[in-house]
Every structure is written in structure tokens, then in C-alpha cells.
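Commentary on secondary and tertiary structure
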Amino acid sequence: MKPNYPFNCWYVAATSEEVGRRPLGRRLLDVPVVLYRTGAGAVVAMRDRCVHRAYPLSSGHLEGDRVVCGYHGFAYDPDGVCVDVPSQENPPIGARVRTFPVFERGPLVWIWLGQPGAAALRTPPATPWLTDPGWASFGERLHVGANYLLLHEHYLDLTNVFAMHPANVPPGIDRLPYLDEVEVSEMSVRYTRALPPARLAPWEAEATGLPRGPEYHRREQGTFVSPALHVQRWVIDTEQGDSYEQLRMHGFTPETPTTTHVFLRVARNYSTDRALVSDHLRGFFLDMIGRDAAVLEVVQRQLAEEGEPGRDINVKADRAAVRARRVAQAMVAEETGRPLPRTPTNAIARS
Ligand code: FES
């Protein structure tokens, strides 16, 4: 089966707090990777496979800044070079494992698993709301048994909330307005929409502390920032001119072609010092993403059972999702030299 994700892209590998002085093994883009920190705190990422035998370095241990294989004790410097073989005087010339560029910013560690050298030409997407003191944020890491594009498509089409999460919809809104516009660039897709005035849904009232009586305008924006990142912006505007803004960010990192690591971060520009608000939003979003994941895993299994290219019919609400899939397919085609499918298809999300 061919992967439908590009390699020449920065993906989230882990949260900062996950990477420490114990080797962390993680499969990313179907590549086994081991992550750890040097004594100075720098993050190291290398292929999680000893050059001697097929044993994961993540099952070994650290000695200073070196990772030592847990089988026969080969030791590797942070640049991947094998510097010690306990059973002989010198290590074999040229023995080394591949290392990968990493970039740590705020609570996330990004990794480049693509063409060596090309990483320097791009940087991970900016996520200022995760480090700006005017914002509060929290996060969770989840694992979903579905292709990463199914996740992107799901979150680029919010019309599913009426069937899946009706209690979360502001009262009186029974249909989302059509997308105002869908902007497409080389790597990103963005839509925006303005919602009609409505009173607060319970979760909004709880989070913002705003009075429940009045009606409020809302703006919603969804962005496929890259194949690795989706950001949704939800803004509640008050009559007094205040904007209660919330960003939900999903780092989608394919584990395999049919499974995905999800790095959820939620940031807000209001009540930034209130831990209770974070607790409330954490429970709210985890509950929602749990239901989302259950549906997407069913879709993934169904695709696997069908075993032939998809014949899905798209509607107006799919405009952003279809374009995002197209962007990802174009990136894969450019990397692999495979022809770009004539129409976006879910065929390669099958297992
Ligand atoms: S498998 Fe790693 S040292 Fe032998």
C-alpha cells in the first residue's frame, strides 16, 4: 500500500514534555524513530534501529549524550555515528544510523523525515498562540485508527456537528451558513464563515462566563495549514466590542497509512489565568474528539473492507476538504513522481 502523506513536511513528533532523558520510541510516517534529550537539553531524533541487528535503540539507555543499544551495547553519538562496540577495539568504519532534523518550539517538538537537506528550506508552521503570554493553552496526545486525511477532512467540514454533537451547537442554529470563501495556496487551504446571532451553547457560557441571555455573533475559520496541521478559530463577538477567541489546533502525524497521532492543543485569549476554564474545555474537547475518532475508525475499516478506489460524492460543505486532499496529493505526486489522480480520491487511505 502506498502512503498518501508527503515526507517533505514538518510534522509534530512529540510534546516537549514527552522527550527527556529516557529514549522514546515512536513510529512516525511509518518510520521507527527514537527521541531523547542530551544533557544540555537538545532534542535528538534518529532511526530507531541498531545497525547491528534489528533491535530498537529506544529499548536501550542513555550514557551521557549517547544512546546505547540494549542488545550488544553499541553506542551512538547524537549525530548517529556508532562510537563504541564493546566487543572490539574500534567500531566499524561508516557505522551510523540516520538522524532527523528537529525543531522545538513551545510545547511541541517537530521533525523532518523528508529529503535530507531540504528541511532548512522550510520551517514548521508558526503557532504564536502557544507561546504568547496573552494566551492560555493546554493539550493532549491521542491515537486514532484512521488515515490522517480522514481527520483533516472531518475537521474541515463542521457540518457534522448537527448529527454528532448537537448539544454543542448554539441554540437556534440549525444549519451552518455556506462557506464564505475558500482560499487555496501552495500548501494551505482556509475557509471562513460568519454565523447568525445566537445565544450561547452551554459549553460557551461555561468557558467564557458571558451572560447567557443575549445573542452573539460568531466567526469560524478552519485552516489546513499543511498536511501536518489543522487549526480552527472560533470567535464570539460581544456588543461591547470584545472578542472571545479560541483556537483548536490538531497536529496530525501519520503513524502508518491507517493510523494517526493527534496532538491536540486548545488556546484562548480570555480567562487565561483560570485553570477551571482549561479543565472545562479539556473535558469538552476530549469528549468530542473521542466521538469523532470512533466515527473515523469505522470509516477507515469500511474503506479497508471495500478494497477499491472510493466513489464518494462530494457536496458544497466538502469544498475545503476536497481542496486540502488535493494539496496533499499534489505534494505526494511531486515527491514520488507518481501522477496526480484526476480527481481527489480516498483510494490510498485504504489498508
Ligand atoms: S543489536 Fe544493537 S548492539 Fe547488537
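This section reports on the structure supplied with the text. Nothing here was measured: the structure is a model prediction, and the numbers come from that model.

**Observations concerning the pairing of strand 3 (residues 31-37)**
Within strand 3, seven of the seven residues are buried, which leaves the element mostly enclosed by the surrounding structure. Residues V31, V33, L35 and R37 line one face of strand 3 and the alternating positions P32, V34 and Y36 line the opposite face, and both faces are buried. In this structure, the hairpin formed by strand 2 (residues 24-28) and strand 3 is closed by a connection of two residues, where L29 is found at a positive phi of approximately 55 degrees. Counted between consecutive antiparallel strands, the loop separating strand 3 from strand 4 (residues 43-47) contains five residues, among which G41 sits at a positive phi close to 100 degrees.

**Brief notes about the layout of surface pockets**
Taking a probe equal in size to a water molecule and rolling it over the atoms shows the remaining empty space. Here the second largest pocket is characterised by a volume of approximately 270 Å³. Lining the second largest pocket are 15 residues, and of these W129, R190, T223, V225 and V231 lie nearest its centre. A total of four residues in the lining of the second largest pocket trace back to one element, the largest contributor, which is strand 15 (residues 229-237). Looking at side-chain class alone, the lining of the second largest pocket contains eight nonpolar, four polar and three charged residues.

**Structural notes on the sheet that holds strand 4**
In spatial order, the strands read 2-3-4; together these three strands make up an open sheet with antiparallel pairing. Each of the sheet's edge strands pairs with one partner strand only, and the pair in question is strand 2 and strand 4. Between one strand and the next, the sheet's axes are offset by a mean angle of 30 degrees, whatever the strand orientation. Direction of pairing for strand 3 relative to strand 4: antiparallel, over a ladder of five bridges. Looking across to strand 4, one finds that V33 is bridged to R47.

**As for the pairing of strand 17 (residues 259-268)**
Counting buried residues in strand 17 gives ten out of ten residues, a clear majority hidden from the surface. What you see with strand 17 is no split at all: T259, H261, F263, R265 and A267 on one side and T260, V262, L264, V266 and R268 on the other are buried throughout. Pairing of strand 11 (residues 136-144) with strand 17 involves nine bridges; the strand directions are antiparallel. Within strand 17, the position partnered with V144 by the bridge is T260. As judged from the ten bridges shared by strand 16 (residues 243-256) and strand 17, these two strands associate in the antiparallel manner. By the bridge assignment for strand 17, M249 is matched with R265. Here strand 16 folds back onto strand 17, and the loop between the two strands holds two residues.

**Let's talk about helix 5 (residues 319-336)**
When the terminal C-alpha atoms of helix 5 are compared, their 26 Å separation across 18 residues agrees well with the 26 Å that a helix rising 1.5 Å per residue should span. Every buried residue of helix 5 is listed here: A320, A321, A324, R325, V327, A328, Q329, M331, V332 and A333. Check the buried side of helix 5 and you find it contacts helix 1 (148-155), strand 12 (181-184), strand 13 (189-198) and strand 14 (216-226). Positive backbone phi, at 80 degrees, marks G337, one or two positions downstream of helix 5.

Calculation notes
Residue indices begin from 1 for each chain and proceed along its sequence in written order. Only residues with pLDDT of at least 70 get local features here, since the model is predicted, and only at 80 or more are side-chain atom pairs given and counted; chain-wide, interface and lining totals rely on the full set of residues. With hydrogens and water excluded, all non-hydrogen atoms of the structure serve as input to the side-chain values. Burial classes follow relative accessibility: with a 1.4 Å probe on protein chains only, a residue under 20% of its type's maximum area counts as buried, one over 50% as exposed, and anything between as partly exposed. Secondary structure follows DSSP: runs of H or I at least 4 residues long count as helices, runs of E at least 2 residues long count as strands, and numbering of each begins at the N terminus. Strands were regarded as paired on the criterion that DSSP finds at least two bridges between them. Points on a 1 Å grid over protein atoms alone make up a cavity when a 1.4 Å probe fits among them but cannot get out, and a pocket when they form an open set with protein on both sides within 12 Å along at least five of seven lines; lining residues each have an atom within 4 Å of a point. Grid points are joined across faces, edges and corners, and a volume is the space filled by probe spheres set on the points. Here the nonpolar group is Ala, Val, Leu, Ile, Met, Phe, Trp, Tyr, Cys and Pro; Asp, Glu, Lys and Arg are the charged ones; every other residue, Gly included, is treated as polar. Only the stretch in contact is used when fitting a helix axis, every axis being a line fitted to C-alpha atoms; angles between N-to-C directions are given from 0 to 180 degrees. A helix is expected to span 1.5 Å multiplied by its residue count minus one. By definition, residues are in contact when any of their heavy atoms lie within 4.5 Å.

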